[in-house]
Amino acid sequence: MTIKAINVRNQFKGTIKEIVLGDVLSEIDVQTAAGIVTSVITTRSVRELELDVGSEVIAFVKSTEVSIAKL
């Protein structure tokens, strides 16, 4: 699946500023032109996506969640 195939209206390109790793869930702060967007995702996803501070990502915002995709 490509990023274009994801049907999410609000997408914010940005750079990861901070990652707070937990045993199961992790908090990702993304600096965007609109401000900081925070997402809570599984720690496994952080590792599988190879997310690091400084990574360029897109935050996909839905009414109940924020998703992250590495660029």
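Named according to an unreviewed UniProt entry, the protein is Transporter originating from Stutzerimonas nitrititolerans.

Engineer: Looking at this model, I keep getting lost on the sheet that holds strand E1 (residues 10-20). Mind explaining?
Structural biologist: Sheet strands associate in pairs through backbone hydrogen bonding, adopting either a parallel or an antiparallel arrangement. Strand order in the open sheet formed by 5 strands is E3-E2-E1-E4-E5, with antiparallel pairing between adjacent strands. Among the strands making up the open sheet, the edge pair consists of strand E3 (35-42) and strand E5 (66-70). Taken over all neighbouring pairs, the strand axes of this sheet differ in orientation by 40 degrees on average, direction set aside. The pairing of strand E4 (residues 56-61) with E5 spans 5 bridges and is classified as antiparallel. For Ile58, the partnering residue across the bridge sits in E5 and is Ala69.

Engineer: Whenever I open this one, the pattern of salt bridges confuses me. Can you help?
Structural biologist: Side-chain pairs of opposite charge can arise where the charged atoms are in close proximity. According to the stated counting rule, one finds 1 salt bridge in the structure shown. The salt bridge partner of Arg44 is Glu48, with a shortest N-O separation of 2.9 Å. One end of the pair, Arg44, and the other, Glu48, are both in helix H1 (residues 43-48), 4 residues apart, so they sit about a helical turn from each other. On the basis of relative accessible area, Arg44 is assigned to the exposed category, the value being 61%. We classify Glu48 as exposed; its relative accessible area is 55%.

Engineer: So what exactly am I meant to see when it comes to the confidence of the model for the protein here?
Structural biologist: Low-pLDDT portions of the prediction should not be read for the details of their coordinates. Residues with a pLDDT of 70 or more make up 85% of the protein, whose mean pLDDT is 87. Here E5 stands out as the element of the protein with the lowest mean pLDDT, 78, in contrast to strand E2 (residues 25-32), whose mean of 97 is the highest.

Engineer: What should I look at first to understand the nonpolar core in this one?
Structural biologist: In a soluble, globular protein the nonpolar side chains are often hidden away together inside. If you look at the biggest cluster of nonpolar residues, it comprises 11 residues: Ile16, Ile28, Val30, Val37, Ile41, Val46, Leu51, Val57, Ala59, Val66 and Ile68. Elements supplying a minimum of two residues to this core: E2, E3, E4 and E5. When sequence neighbours within four positions are dropped, the list of residues in contact with Val46 reads Ile19, Leu21, Ser26, Ile28, Ile41 and Leu51.

Each value, and the rule that gives it
- Residues numbered from 1 in each chain as written.
- Predicted model: local features only at pLDDT ≥ 70, side-chain atom pairs only at ≥ 80, totals over all residues.
- Heavy atoms only, no water.
- Pairing = 2+ DSSP bridges.
- Helix = DSSP H or I, 4+ residues; strand = E, 2+ residues; numbered from the N terminus.
- Axes fitted to C-alpha atoms, helices over the stretch in contact; angles between N-to-C directions.
- Salt bridge = Lys/Arg side-chain N within 4 Å of Asp/Glu carboxyl O.
- Buried < 20%, exposed > 50% of the residue type's maximum accessible area, 1.4 Å probe, protein only.
- pLDDT = per-residue confidence, 0-100.
- Core = buried A, V, L, I, M, F, W, Y, C linked by side-chain atoms within 4.5 Å.
- Contact = heavy atoms within 4.5 Å.

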